[in-house]
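# Descriptive analysis of the structure
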Amino acid sequence: MPHHYLTHYAAAEATDVLNLAGVLNQPWQNVLCLPALNETPDFIYRLTKHPERLLLILVVNQTQSPITLANQALITTINQQFQRLSQHNNLALYTLETHNLLLVDRANAPLPAKTGVGLARKIAADIALQLIQQGAIKSHWIYCTDADAQLPDDYFGLDETSPAVAASLPFTHVGPPGPLLDATTLYEHAIRYYAQGLRMAGSGYGFLSLGSALAVKARAYATVRGFNLREAGEDFYLLNKLAKIGEILTPETTTRPTSPIQISARFSNRTPFGTGQSVTQISQLPSLNDYHYYAPACFLMLKHWFELIPKLTAHNLLSELTRLPHPLQNALLAQNIHSLAEHLNRQGTSPKHIKTTCHTWLDGFRTLKIIRYLQAHYFPAEPLLATLARKPFG
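To start, this report covers the structure provided alongside it. Here the structure is a predicted model, which is why all the values come from computation and not from measurement.

Parameters and conventions
- Numbers given for residues are sequential positions, taken from 1 along each chain in its written order.
- A pLDDT threshold of at least 70 governs which residues receive local features in this predicted model, and a stricter bar of 80 or more applies before side-chain atom pairs are shown or counted, although totals over entire chains, interfaces and linings include all residues.
- Computation of side-chain values covers all heavy atoms of the structure but excludes hydrogens and water.
- Axes here mean lines fitted to C-alpha atoms, for a helix over just the part in contact, with angles spanning 0 to 180 degrees between N-to-C directions.
- A helix here means a DSSP run of H or I that spans at least four residues, while a strand means a run of E at least two residues long, and both kinds are numbered starting from the N terminus.
- The cut-offs work like this: below 35 degrees is roughly parallel, past 145 is roughly antiparallel, 65 to 115 is roughly perpendicular, and the gaps in between are oblique.
- Here a crossing is called left-handed whenever its near helix is offset anticlockwise from the far helix by less than a right angle, and right-handed whenever the offset is clockwise.
- The criterion used for residue contact is that any of the two residues' heavy atoms lie within 4.5 Å.
- Residue polarity is assigned by list, with Asp, Glu, Lys and Arg as charged and Ala, Val, Leu, Ile, Met, Phe, Trp, Tyr, Cys and Pro as nonpolar; anything else, Gly included, falls into the polar class.
- Residues enter a nonpolar core if they are buried and are Ala, Val, Leu, Ile, Met, Phe, Trp, Tyr or Cys, with the set joined through side-chain atoms within 4.5 Å.
- Burial classes: relative accessible area under 20% of the type maximum marks a residue as buried, over 50% as exposed, and values in between as partly exposed (1.4 Å probe, protein chains only).
- For two strands to count as paired, DSSP must find a minimum of two bridges between them.
- When a carboxyl oxygen of Asp or Glu is within 4 Å of a side-chain nitrogen of Lys or Arg, the pair counts as a salt bridge.
- Any two rings among Phe, Tyr and Trp, with Trp reduced to its six-membered ring, count as a pair given centres within 6.5 Å; such a pair is stacked if its planes are under 30 degrees apart, edge-to-face if over 60, and tilted if neither.
- Lysine and arginine charges are scored as sitting over a ring when NZ or CZ, respectively, is within 6 Å of the ring centre and within 35 degrees of the ring normal.
- The disulfide criterion is simple: two cysteine sulfur atoms within 2.5 Å.

At a closest axis distance of 11 Å, the pairing of helix α13 (residues 337-347) and helix α14 (residues 351-361) adopts a crossing angle of 155 degrees. Here α13 lies roughly antiparallel to α14, going by the angle between them. Handedness of the α13/α14 crossing: right-handed. Between α13, through I337, S339, L340, H343, L344 and Q347, and α14, the contact on the second element is made entirely by H353, I354, T357, C358 and W361. In terms of residue class, the contact of α13 with α14 is made up of six nonpolar, five polar and no charged.

Have a look at this one:
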């Protein structure tokens, strides 16, 4: 599967890297992938303090010409401060004390419009997959993070023998006390609350999707054809695909939990939505008490669906659907649940298959649409701080 993906779907750099002199002669233990858009070089030293031999794959990227001053400054600093071992096209390999830095310059050769961070992550991970396939990297975990992350000493601690396909790693946002940290912390509470609500309902998609705190097994990455070419949300879509083929490790489920990644609270407009944009919106509110988020009733309503699944057969979905509360019925109908019923009618298979099919149908993306439908039509958003104070999910 990795060979097929690398041959037919990988970014061009995943092939070009094989022409980079010396790249296959390095006994790296781990690989770390990250995109960089208008970042200062400080993060390079911070991310490479780990004792294991590490390859840092850095994709300096932008989608417009000419190159930004910040991107140019970062590339210039790397050229001046680190010894360059080899170069091929837009790839350059550097010595970085006991580690190595593989620079991918997609700033002087900008990414296509409407791609951005999704393509940047794909390029880095595709290169990592190629080098794992070639035996240049020992670990089969592809670790992904961002320039604003401080990795703990035990970061590269995921079990190589784990059957899991990916891991959503523990994290926390840090920074000096003040409005920025307050807004960021509130957003972090929001996404944790959302994941907790899904787990309470019985969804298999109750994990956090954050590009700064993500790792994926190489073979699984190839199986789902890697990152989507998106301006934002690429982490969510990758984990959404991976959850359909295997287990996503979380801090609650892993047998070898690591310490939290510390992510710097900061304003950012690098992506059209996500943490940066949400933090900016929260910070502009008169008070943190004015930040509204999904009502607990949306998740409690969703729970009825997962409780119904064990009762389903190949032919009774639509009749059983009428037993559900009307808001949930309408939300499911809006997501064309008739297509699921038709599929089950055609398959007529075992209860195990029916369960798997139903959970796969109501994946993370469709679940989000249902939650939003319930909010728009039945259960308006509520002040998040007041909701959290009630501990609605225990």
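A few words now on the nonpolar core. By size, the foremost hydrophobic cluster in this structure holds 86 residues, and its most contacted members are I44, L58, F299 and W305. At eleven residues, helix α6 (residues 179-201) tops the list of elements feeding residues into this core. Those residues in contact with F299 that lie beyond four places of it in its chain are Y193, Y194, G197, L198, M200, A201, Y294, I371 and F393. Residues Y5, A14, A124 and I132 belong to the second largest nonpolar core, which totals 49 residues.

Further remarks concern the pairing of strand β2 (residues 54-61). Of all eight residues making up β2, eight are buried, and the element is well covered by its neighbours. Residues L54, L56, L58 and V60 point to one face of β2 and L55, I57, V59 and N61 to the other, with burial holding for every one of them. In terms of strand pairing, strand β1 (residues 30-36) meets β2 through seven bridges, oriented parallel. By the bridge assignment for β2, A36 is matched with V60.

Here we come to the sheet that holds β2. If you walk across this open sheet you meet the nine strands as β3-β4-β5-β2-β1-β6-β10-β8-β11, and the pairing is mixed. Looking at which strands have only one partner, the edges of the open sheet turn out to be β3 (83-88) and β11 (248-249). Across three bridges, strand β8 (residues 166-168) lies against strand β10 (residues 214-217) in antiparallel orientation. Note on β10: the bridge partner recorded for S168 is L214.

A word on the packing of helix α10 (residues 296-308) against helix α15 (residues 364-377). The interhelical angle for the contact between α10 and α15, taken along N-to-C directions, is 125 degrees, at an axis separation of 9 Å. One element, α10, and the other, α15, form an angle in the oblique class. Read as a crossing pair, α10 and α15 show a hand that is right-handed. Across the interface between the two elements, C298, F299, M301 and L302 from α10 touch T367, I370, I371, L374 and Q375 from α15.

Right, let's talk about the sheet that holds strand β12 (residues 261-264) for a bit. Strand order across the open sheet formed by three strands is β7-β12-β9, with mixed pairing between neighbours. Bordering the open sheet on either side are β7 (149-150) and β9 (171-174), each of which pairs with just one other strand. Across two bridges, β7 lies against β12 in antiparallel orientation. Bridged to Q150 within β12 is Q262.

Taken as a whole and assessed by the stated rule, the structure comprises eleven salt bridges. Linking K49 and D153 is a salt bridge whose minimum nitrogen-to-oxygen distance equals 2.7 Å. With a gap of 104 residues between them, K49 in the loop between α3 (42-47) and β2 and D153 in the loop between β7 and β8 connect regions that are remote in the sequence. We classify K49 as partly exposed; its relative accessible area is 40%. Across the salt bridge formed by E320 and R323, the nearest N and O atoms sit 3.2 Å from each other. Look at the salt bridges and you will find they share partners, linking E39, D148 and R266 into a network.

Let us now look at unusual backbone geometry. Following S65, the chain continues into P66 via a peptide bond in cis, with omega recorded as -5 degrees. Tracing the backbone shows P66 in the loop between β2 and α4 (69-81). Unusually for a residue other than glycine, N38 sits at a positive phi of about 60 degrees. In the Ramachandran plot, E97 falls in the positive-phi region, its phi being about 55 degrees despite a non-glycine side chain. As for its placement among the helices and strands, E97 is situated in the loop between β4 (91-96) and β5 (99-106). For E97, a relative accessible area of 72% translates into the label exposed.

Scanning all chains against the criterion turns up 20 aromatic pairs. What links up through ring pairs into an aromatic cluster is the set Y193, Y194, Y291, Y293, Y294, F299 and F393. The residue whose ring lies beneath R192 is F171, and the NZ or CZ to ring-centre distance is 4.6 Å.

Burial along β9 is one-sided: the face carrying F171 and H173 is buried and the face carrying T172 and V174 is not. Here β9 runs beside β12; their pairing, made up of four bridges, is parallel. Counterpart to F171 in the pairing with β12 is I261.

The next subject is the state of the cysteines. A disulfide bridge is the covalent bond that connects two cysteines by way of their sulfur atoms. One pass over the full model with this rule turns up zero disulfides. Of all cysteine sulfurs, the one in C144 lies closest to C33, which takes part in no disulfide; the gap is 5.1 Å. For C33, a relative accessible area of 2% puts it in the buried group.

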